[in-house]
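# Summary of structural features
One-letter residues, chain by chain:
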Amino acid sequence: MKVEPEDNQHLVEELSLFPTFAELRRSDAYRRRAAELHRLLDEPRIYDFSSPQPRLRSFLRVVEWNIQRGARLEGIIDVLNTHPVLRFADLLLLNELDAGMFRSGNRNVARELSQGIGAHAIFGVEYLEMTKGIGDELKLEGRNTAALHGNAILTRHSFSNPRTVRLPRCERNYESTEKRLGGRVGLLVAVEIRGSSLPSLPSLLAVTAHLDVVNTPRCRARQMMALLDHIDSPDSRRSNDGIVIGADLNTHTFARGGWLRSSRSAIRILTTRQEQLAHALLHPETREPAIGQLKKHGYEVAALNDRCATSRAIVSSGSDANWVPGPLRRWVLRRIDPSALLLEFRLDWLASRGLKALRAGEVVDQETGVRSIDPQTCPGLTHEGLPISDHDPIVADLAL
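First, a word on scope: everything that follows refers to the structure included in this document. (Residues numbered from 1 in each chain as written. Predicted model: local features only at pLDDT ≥ 70, side-chain atom pairs only at ≥ 80, totals over all residues. Heavy atoms only, no water.)

This part is about helix α10 (residues 289–296). A290, I291, Q293 and L294 are the residues of α10 that are buried. Here the buried residues of α10 occupy an arc of 150° about the axis, which is enough to place them on one side. Positive phi shows up at G298, right after α10, with a value of about 90°. (Buried < 20%, exposed > 50% of the residue type's maximum accessible area, 1.4 Å probe, protein only. Helix = DSSP H or I, 4+ residues; strand = E, 2+ residues; numbered from the N terminus. Arc of directions from axis to C-beta.)

In structure tokens, the structure reads:
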């Protein structure tokens, strides 16, 4: 049966007319639509798959991946079904999924992923999008339908109690060029693991989030602290055998937004030795306290991550370059070696509490013969000659 696309353009047209979020909240339109917005933004969407079959039974392979809106969905599905490592992941913690955005074909990415890889999908909405996006996306000829964007958890195991928690606001999303209503969320799901030769069904709490990018490390730390405090709160705590978190923490180590922050970033890039800067971007703990929050709350980080880059950016082509005053921007670009214009970041992370990360060959799956692997990043994924995403997925194996 063909599923007709959801259309929220009546909400977009009515709620996008105000210059500031404060004025929107005081409006009659916002009050009238409050219940509808609550359902849209605060209630996770569930896409069940009939009888999913876990691909591993002796241990759990977990993937964290920012899939860049799911715009290259066929490639994502293909790689999750055929890649020698990724195809055995039965728990996927995903960021940047569209539903009904023209830039990604007005497709419901979470629902189509569920069908494409044979897994349940839980979709947590971050934003009702009031534009077509950023940059060249704004020039696209066409209209959004559902106009939603968020995070998802996919699993081939049974699950329960899906929920979202709103994180502190760091960016003025409603007032930006990419006008959006909503904010960053943590998505939490209890997963029951059906393994082989297990005396009982272990359950774990799976969590994903996407922290703000155009802001400060301090604000990202506040968002992470709010998420971790919610997990540990008496109202949220459930009986489980461990917690795994996969997130795009946007740990790029810079404060972004506005000419002053951008100028300081340019000066840092200019005055730091290339090798020293490259090391700092792949080891961002000293400048990004969000990672410290994980450790403070008792999570293991080092054992679940390698130190490879998961995303790359050209200094001169980023949106922040437009904030740098013209003379300073030209001076910087004249002085920086062209090879230094490409920065490589470790933005995506896995962390666990109460669960053991496996090493290469430590456990062999009884049914498939697949051996556990060291935590790793999977770079260079393409489909039909084009990159699948601007982020690389990261993988870790967990003992049951």
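What follows picks up the thread again.
Attention now moves to the nonpolar core. Among the nonpolar cores identified, the biggest contains 48 residues, and W65, L80, L97, L113, L128, L154 and L181 are the most heavily contacted of them. Looking at this core, the element that brings in the most residues is helix α5 (residues 73–82), giving five residues. Not counting the four nearest positions on each side in its chain, L154 is found in contact with D90, L91, L92, L94, L113, S114, I117, A119, H120 and A121. V207, I245, Y299 and W349 belong to the second-largest nonpolar core, a separate cluster that totals 22 residues. (Core = buried A, V, L, I, M, F, W, Y, C linked by side-chain atoms within 4.5 Å. Contact = heavy atoms within 4.5 Å.)

Right, let's talk about helix α6 (residues 109–117) for a bit. An α-helix turns once per 3.6 residues; consequently, residues spaced three or four apart project the same way. Among all positions in α6, only V109, A110, L113, S114 and I117 are buried. Down the axis of α6, the buried set is contained in an arc of 140°. They therefore lie on one face. Buried positions along α6 lie against β1 (45–47), β2 (59–69), α5, β3 (91–99), β4 (120–129) and β5 (148–155). Once α6 finishes, G118 follows within two positions and takes phi at roughly 70°, a positive value.

Take the packing of aromatic side chains next. Counted under the stated rule, the structure contains two aromatic pairs. Plain terms: the ring middles of F21 and Y30 are 6.5 Å apart, the flat faces sit at 90° to each other, and that makes the pair edge-to-face. A residue is classified by how much of its surface remains accessible, and F21, at 18% relative accessible area, is buried. Considering the side-chain rings of F21 and Y174, the 6.2 Å spacing of their centres and the 55° angle between planes classify their relative orientation as tilted. Placement of F21 in helix α2 (residues 21–26) and of Y174 in the loop between β6 (158–166) and β7 (180–182) is noted, with a sequence separation of 153 residues between them. (Phe/Tyr/Trp six-rings, centres within 6.5 Å; stacked < 30°, edge-to-face > 60°.)

When you tally the buried positions in β2, you get ten out of eleven residues, the bulk of the element. Sheet topology places β2 next to strand β17 (residues 394–399); six bridges connect them, and they run antiparallel. Each residue of the ladder has a partner; that of E64, found in β17, is I394. Both β2 and β3 contribute to a ladder of six bridges, which runs parallel. Bridge assignment links W65 to a residue of β3, and that residue is L94. As a crossover connection, the stretch from β2 through α5 into β3 is right-handed. (Pairing = 2+ DSSP bridges. Right-handed = clockwise from strand over helix to strand, strands pointing away.)

Purely geometric stuff here, so don't read any function into it on its own.
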